[in-house]
Every structure is written in structure tokens, then in C-alpha cells.
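Report on the structure
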Amino acid sequence: ETGVTQTPRHLVMGMTNKKSLKCEQHLGHNAMYWYKQSAKKPLELMFVYNFKEQTENNSVPSRFSPECPNSSHLFLHLHTLQPEDSALYLCASSQVRGTGLNEQYFGPGTRLTVT
Amino acid sequence: EDQVTQSPEALRLQEGESSSLNCSYTVSGLRGLFWYRQDPGKGPEFLFTLYSAGEEKEKERLKATLTKKESFLHITAPKPEDSATYLCAVVRRAGNKLTFGGGTRVLVKP
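In this text the structure is predicted, and so the values were computed from the model without any measurement.

Observations concerning the overall build of chain B
Helices and strands together make up the secondary structure of chain B, namely zero helices and eleven strands. Mapped from its N terminus to its C terminus, chain B presents α and β elements in the order β-β-β-β-β-β-β-β-β-β-β. Taken over the C-alpha trace, chain B has a radius of gyration of 13 Å; the compact-globule value for 110 residues is 13 Å, and the two agree within 12%. Its C-alpha atoms give chain B principal-axis dimensions of roughly 45 × 30 × 20 Å. Every one of the 110 residues in chain B was classed for burial, and the buried ones make up 48%. For chain B, contacts bridging at least 24 residues in sequence account for 55% of all contacts bridging at least 6. Accessible surface, chain B: about 5500 Å² in total, of which carbon and sulfur atoms supply 47%. Where the 16 positive side-chain charges of chain B centre and where its 14 negative ones centre are 4 Å apart.

Shown next, in the form of C-alpha cells:
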């Protein structure tokens, strides 16, 4: 595997279900991100993890719960979602070094539909 | 609050017809501006990073420029494979949080 992988690629879940999205980066990066991409809206940052520590929570509802067990893996646990949470969920990673600014590399996303 | 506005929302071009995409931004202390390309059903793919006004970067038929208020992505003699959504994002100083614009959907017809 190369780059950033995400599973599953597609997920349909009911509002009472609990599911998890998985992201793995094979780039040796130390920062990982979750983004939400809804139709007609810009990409929205949800969470940032630097060196496995959460450094940003962009006012995301508690029904989304991230987990970063190590610098290569990132999970997004989902429970009691609403139909408006249907979107493409993208994971990204980057290498954070001092004051340097490095680009983020994105996975292919998980297309989530909440019924 | 950081703001990024991209125009136009959609652009239809004939193959070979050059054009420019605009990204206007408001940010408190720009650390960098990114351009990404996104194909349907895929994640964004990194194209360029620009750091300061006057900077230019090129890759094949694409050229990105930066001023203090906006960035342009010029597509020279586009081909159908250049069809994609082009995203612009800014990062403010002391952080690595990207704020994205809404994107420009480009369709290049043969």
C-alpha cells in the first residue's frame, strides 16, 4: 500500500448504528487530519492530530469521535448520526517540522450515507 | 475568520483554450497558499504551495501565481485530462490548519 488509504470506501448506516472509519498513512508523516466534504460546501477541517495528540477540534458534534492510536492510523467513530452528516469523509496526513509548512496528502475518502 | 473565495464556480473550455481560475483570500498573516486538484470520487491531489506575493510555480500546463489578496491558476492550452475540480486553501501563521475555498469545476471538451 502506498500513500493514504481509507476503509471502507462506501458506508450506509442508519441513525442508530455505530460504525468506524479507518485511515492509514504509509508516508511516515507525524500529523493526521479528518475533513468533511459535503455537496455545495467547501472542505471542512474536523480534527487534527500531531504526534498522536489531538491539537484541533473544529467544533465537531460529539457523535463524531476520533482516535489516533499511533502516527500511522486514524479512526473516526460514528454513532447516532443525522441525515445531514451524509458526506465524503477525507483523511489526510503531513509531515510537521518546526516552522516548515508541508503539504497534506489525502486519501480517497469514505462516502457516508445516513438513512 | 479566514475566508477563501474561488471563482468561477464552473468553467467549460474547449481543448486548447487557455484560461485562469481565481482564489481570493482573507487571512490574518498568510503562511502559505495551496492548490489542489480533485477528480470525481477521489481525494484532493497536491499541486503547488505558494508562500509570498510575487511567487510563481509551474507544472506542465498549470501555472500558479500569488499576490497579497489573491492567487491565480492559469491553465495553458488545456487538454481533456485537465478536467477536474481545482481547490485553493490557505494556512495562517502559527498553525497547519487548511481553510479551503469552494473550488472551481473545470470541464475541457475535445
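Here we look at the packing of aromatic side chains
Under the criterion given, the structure shown has ten aromatic pairs over all chains. An angle of 35 degrees between the planes, with centres 6.4 Å apart, marks the rings of Tyr33 of chain A and Tyr35 of chain A as tilted. Judged by its relative accessible area of 0%, Tyr33 of chain A is buried. Among the residues examined, Tyr35 of chain A registers a relative accessible area of 0% and is labelled buried. Taken together, a centroid distance of 6.2 Å and an interplanar angle of 75 degrees make the contact between Phe106 of chain A and Phe100 of chain B edge-to-face. In this pair, Phe106 of chain A sits in strand 10 (residues 105–106) while Phe100 of chain B sits in strand 10 (residues 99–100), so the two residues belong to two different chains. Phe106 of chain A sits in the buried class, given a relative accessible area of 10%.

Rules used throughout
- Residues numbered from 1 in each chain as written.
- Chains lettered and ligands numbered in written order.
- Predicted model: local features only at pLDDT ≥ 70, side-chain atom pairs only at ≥ 80, totals over all residues.
- Heavy atoms only, no water.
- Helix = DSSP H or I, 4+ residues; strand = E, 2+ residues; numbered from the N terminus.
- Rg over C-alpha atoms; globule rule 2.2 N^0.38 Å.
- Buried < 20%, exposed > 50% of the residue type's maximum accessible area, 1.4 Å probe, protein only.
- Contact = heavy atoms within 4.5 Å.
- Areas by Shrake-Rupley, 256 points an atom, 1.4 Å probe, with all protein chains shown as cover.
- Lys, Arg positive; Asp, Glu negative; His and termini not counted.
- Charge placed at Lys NZ, Arg CZ, Asp CG, Glu CD.
- Phe/Tyr/Trp six-rings, centres within 6.5 Å; stacked < 30°, edge-to-face > 60°.

Remember that the coordinates give geometry; whether it matters functionally is a separate question.
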